[in-house]
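Architecture and fold: a report
Take a look at the letters that make up each chain.
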Amino acid sequence: FLSVIIRTKYIEIDFQLDHHEEGFPIFKSVQISKNRAWHAVRLDSVDEFDEQLKNWIKQAYELITK
């Protein structure tokens, strides 16, 4: 449900939701099916890991446990 990729200058977090989201910190999103959208978030610092991102991760987890 979640991928965490450690890069030299940033951390990338990928997840799927049942809807499409846009805006910072999402840098890429792709509709992969009628009911699923893949999202990629790039974090340059720990401070960018906010409540919105936690909520998206929670939604991604709930999506696979339905």
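Just above, that's the structure.
This text gives an overview of the structure that appears in the document.

Cut-offs applied
Residues numbered from 1 in each chain as written. Predicted model: local features only at pLDDT ≥ 70, side-chain atom pairs only at ≥ 80, totals over all residues. Heavy atoms only, no water. Helix = DSSP H or I, 4+ residues; strand = E, 2+ residues; numbered from the N terminus. Rg over C-alpha atoms; globule rule 2.2 N^0.38 Å. Buried < 20%, exposed > 50% of the residue type's maximum accessible area, 1.4 Å probe, protein only. Contact = heavy atoms within 4.5 Å. Pairing = 2+ DSSP bridges. Patch = residues over 30% accessible without salt bridge, like charges linked within 9 Å, V, L, I, M, F, W, Y side chains within 5 Å. Areas by Shrake-Rupley, 256 points an atom, 1.4 Å probe, with all protein chains shown as cover. Salt bridge = Lys/Arg side-chain N within 4 Å of Asp/Glu carboxyl O.

1. A word on the overall build of the protein
For the protein, the helix and strand inventory stands at one helix and four strands. Traced from its N-terminal end to its C-terminal end, the protein shows the element sequence β-β-β-β-α. The C-alpha atoms of the protein give a radius of gyration of 12 Å, which matches the 11 Å a tight globule of 66 residues would have. Across its three principal directions, the C-alpha atoms of the protein cover 35 × 20 × 20 Å. Each of the 66 residues in the protein was classed as buried or not, and the buried ones make up 27%. Within the protein, counting contacts between residues at least 6 apart in sequence, those at least 24 apart form 42% of the total.

2. Section: the pairing of strand β3 (residues 26-33)
Note: β3 against strand β4 (residues 36-43), six bridges, orientation antiparallel. Bridge pairing in β4 places Gln31 opposite Ala37. Taking the residues that link successive antiparallel strands as the turn, the β3-β4 hairpin has two residues.

3. Some thoughts on a nonpolar patch on the surface
A cluster of nonpolar side chains, namely Phe1, Leu2, Val4, Ile6, Ile11, Tyr61 and Ile64, defines an oily patch on the protein surface of about 660 Å² accessible area. Among the secondary structure elements, those contributing two or more residues to the nonpolar patch are β1 (2-6) and α1 (51-65). Looking at which element gives the most residues to the nonpolar patch, the answer is β1, with three residues. Following the sequence through the fold, Ile64 ends up in helix α1. Relative accessible area serves as the criterion here: at 48%, Ile64 is assigned to the partly exposed category.

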